[in-house]
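# Secondary and tertiary structure notes
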Amino acid sequence: MKKDKRLIGFLTLCVAPATLLFFIFMIVPTFNVFRMSLYEKGAYNPNETFVGLANFKALLADPNFIRSMQNMILLVVVTTLITFGFSLVFAGILTREKIKGQNFFRIVFYIPNILSVVVISGIFSAIYKPENGMLNSIIGLFRDMSDPILWKGQQLVIVSIIIAMVWQAIGYYMVMYMASMSAVPESLYESAGLDGAGRLTQFFQITIPLIWTNIRTTLTFFIISNINLAFLFVKAMTSGGPNGASDVALNYMYSQKDAGLYGYSMAIGVVIFLFSFALSALVNKVTERETLEY
Amino acid sequence: MGKTNSSSNSGERLYKAFVYVALITLAVVILVPVAWVFMASVKQNSEFYGNPWALPEGFYWQNFVDAWNSANMGSYMINSVVVTALALLILLIVALPAAYCLARFKFKGGKFLNTAFMAGLFINVNYIVVPIFLMLRDGDIWLKKVFGEGFLLNNLVVLAVVYAATALPFTIYLLSGYFQTLPHDYEEAAYIDGAGYFKAMWSIIFPMAKPSIITVILFNFLSFWNEYIISMTLMSSATGQKTLPVGLLNLMQAQQSAAQYGMMYAGLVLVMLPTLILYMCVQKQLTEGMTVGGLKG
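### Topic: the overall build of chain A
The secondary structure content of chain A amounts to 12 helices and two strands. Counting helices and strands in the order they occur from the N terminus, chain A gives α-β-β-α-α-α-α-α-α-α-α-α-α-α. Referenced to the eigenvectors of the C-alpha coordinate spread, the extents of chain A come out at roughly 85 × 75 × 30 Å. For chain A, with 294 residues in total, the buried portion stands at 38%.

Written out as structure tokens, the structure is:
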């Protein structure tokens, strides 16, 4: 009996602080996002008024919000496709071929992932600078640059952000897939090679199916983290500009909070929450396959 | 594969060449912009109006002195060091015992807590930063009423606590994953030798978990050091303390009108240098450790 009591004391002491912190700084705020979305609450008005779904109705009629959702979806979908396509192919090459300096490439490809998004946006503002940025000065070798390309202008700003996001993410996923691909037994490739299967066939028939579980999990998390990363990039690179052309939903939520419209801002938060859950459930469903083992 | 038929030999060569060209291109695309910033950080302001690829005329270290002193990057750096270290300390003290208990003991509510922390993996901090800010602000208003002073906002310690708290789900997930793999014999033997629960955890299990703990420290160091949204929101006072990335962001925005390029790039170098140095030292641990976690918040 005495031992039992000591065990309970020990467990409580160990688990309680983590649970408490988790509850105060994650559960309560999450709950508050949903609760406050049903209220009207302003920065200079301490009172809350219950307004039901009025905030959501206003959202549907808000063109800025619609555009920020469209931008977010565009950024998430395009960066996911490009990043996954490239990192799978590169990882496939690096694990299957005998490449000199493989370690060097691995180290270099991972570098963008350890940099702050603020640093990356600083680097890319040097790349995108219209007058004598790195990119325009290279393009200037091939064409007349009296009318410089405005990478952060209204038309190209989304493309520019996508390039920066892919630049940041590609190495991380490559290194991850290299690890899981190298676990695929060599004998499978050898017998496939004897049967006359070429590289492409091997890649699509052996490599991809065998690491499918890994691809699925990472894809789900990548999409969720990309909703957030899109915000981090937009906030640091353009603040949503010019004229809101690169605004994303989280950034719009943030700017509504700065404007003091807390209830409205949280209604946007709810939409983002539900959207990210729905999207990851959808991805999970679409990518469902029979698990293969080696 | 390295297996070649004599008929496809030239095709094989061509493929290999293509692979190298692609890999080198990607490496160049990553390395050159980073190296360019280092180069730009020692250029004089007048050099920024010409060819961007020109090498610096000399090492103009004054940029770093200016960034460190007049742009306050020095004190921001100290703030960042304090917040990051404190947050890591709190995180380890809180997460290690919790992960250990959740992974290795069956108790009432344990399953529920495990599920709750797992669900926490799906809550992104930036979704909930506004309610956290409002909660702390309301706390400050209340404290002001009772004690005449609020201290929750613009406080480095509170920022560190928030960092630690929001890193809990990922950290506990990663650590429990490791603790689950250990056989129970270790503690059984310790108990027979007369060790208590705490002693068994502290002196038998934790030392074994060292590689996982290092991985946890590395990943969280990077995310705390580089974070800027929470820091910007909770440390919003114009005159108050700031962390390094927020200070850099302000510097970058001010630079657009003041055109002090050299100082800005020196600031960029100051922010990324610590992470790059750390990466050089532990790149193996980092690129291997990520397969343990397999995900990123």
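### A look at the overall build of chain B
Within chain B, the secondary structure is distributed over 12 helices and zero strands. When the elements of chain B are put in sequence order from the N terminus, they spell out α-α-α-α-α-α-α-α-α-α-α-α. Taking the principal axes of its C-alpha atoms as reference, chain B extends roughly 80 × 70 × 35 Å. Relative to its 297 residues, chain B shows a buried fraction of 39%. Sequence-distant contacts in chain B: of pairs separated by 6 or more residues, those separated by 24 or more amount to 72%.

### Observations regarding the interface of chain B and chain A
Between chain B and chain A, the contact holds 69 residues from the first and 67 residues from the second. At 11 residues, the largest contribution of residues to the side of chain B that touches chain A is made by helix α1 (residues 9–40) of chain B. A per-class count over the side of chain B that touches chain A returns 54 nonpolar, 13 polar and two charged.

### Some thoughts on helix α7 (residues 185–192) of chain B
For α7(B), the buried fraction is low: zero of the eight residues fall into the buried class. Backbone geometry just after α7(B) places G194(B) at a positive phi near 95°.

### So, the environment of F221(A)
Here F221(A) is to be found in helix α10 (residues 212–237). Among the residues examined, F221(A) registers 17 C-beta atoms within 10 Å and is labelled partly exposed.

### Examining the confidence of the model for chain B
Interpreting fine coordinate detail is not advised for predicted regions of low pLDDT. Residues and elements named next belong to chain B. For chain B, the average pLDDT comes to 86, and 93% of its residues sit at 70 or higher. Segment residues 292–297: pLDDT under 50, and 14 contacts once partners within four positions in sequence are set aside and those in other chains are kept. Listed scores for the predicted complex are pTM 0.89 and ipTM 0.88.

### Topic: the nonpolar core
Within the largest apolar cluster, 152 residues are counted, with the highest numbers of intra-cluster contacts made by A230(A), F233(A), A95(B), A98(B), A164(B) and I172(B). Looking at this core element by element, the count peaks at 17 residues for helix α6 (residues 156–181) of chain B. Once you skip the residues sitting within four places of it in the chain, F233(A) turns out to touch V117(A), S121(A), I161(A), A164(A) and M165(A).

### So, unusual backbone geometry
In this model, N243(A) sits at a positive phi of 55°, which is unusual for a non-glycine residue. Along the chain, N243(A) turns up in the loop between α10 and α11 (249–258). Classification of N243(A) as exposed rests on a count of 9 C-beta atoms within 10 Å. Not every positive phi belongs to a glycine, and N72(B) is a case in point at roughly 65°. Within the secondary structure layout, N72(B) lies in the loop between α2 (62–69) and α3 (73–104). Owing to 17 C-beta atoms within 10 Å, N72(B) belongs among the partly exposed residues under this scheme.

### A short note on the packing of α3(B) against α6(B)
Residues and elements named next belong to chain B. Between α3 and α6, the least distance of the axes is 6 Å, while the angle of their chain directions is 35°. Crossing handedness for the pair α3 and α6: right-handed. Considering only residue class, the contact of α3 with α6 consists of 26 nonpolar, four polar and one charged.

### Observations regarding the packing of helix α3 (residues 63–96) of chain A against helix α7 (residues 157–181) of chain A
All names here are of chain A. The N-to-C vectors of α3 and α7 enclose an angle of 40°; their axes lie 7 Å apart at closest approach. Taken together, α3 and α7 sit at an angle that is classed as oblique. Seen from above, α3 lies across α7 with right-handed handedness. Tallied by class, the residues present in the contact of α3 with α7 amount to 22 nonpolar, six polar and no charged.

About the thresholds
- Residues numbered from 1 in each chain as written.
- Chains lettered and ligands numbered in written order.
- Predicted model: local features only at pLDDT ≥ 70, side-chain atom pairs only at ≥ 80, totals over all residues.
- Helix = DSSP H or I, 4+ residues; strand = E, 2+ residues; numbered from the N terminus.
- Buried ≥ 20, exposed ≤ 12 C-beta atoms within 10 Å, placed from the backbone.
- Contact = placed C-beta atoms within 7 Å.
- Nonpolar A, V, L, I, M, F, W, Y, C, P; charged D, E, K, R; others polar.
- pLDDT = per-residue confidence, 0-100.
- Core = buried A, V, L, I, M, F, W, Y, C linked by C-beta atoms within 7 Å.
- Axes fitted to C-alpha atoms, helices over the stretch in contact; angles between N-to-C directions.
- Left-handed = near helix turned anticlockwise from the far one by under 90°.
- Parallel < 35°, antiparallel > 145°, perpendicular 65-115°, else oblique.

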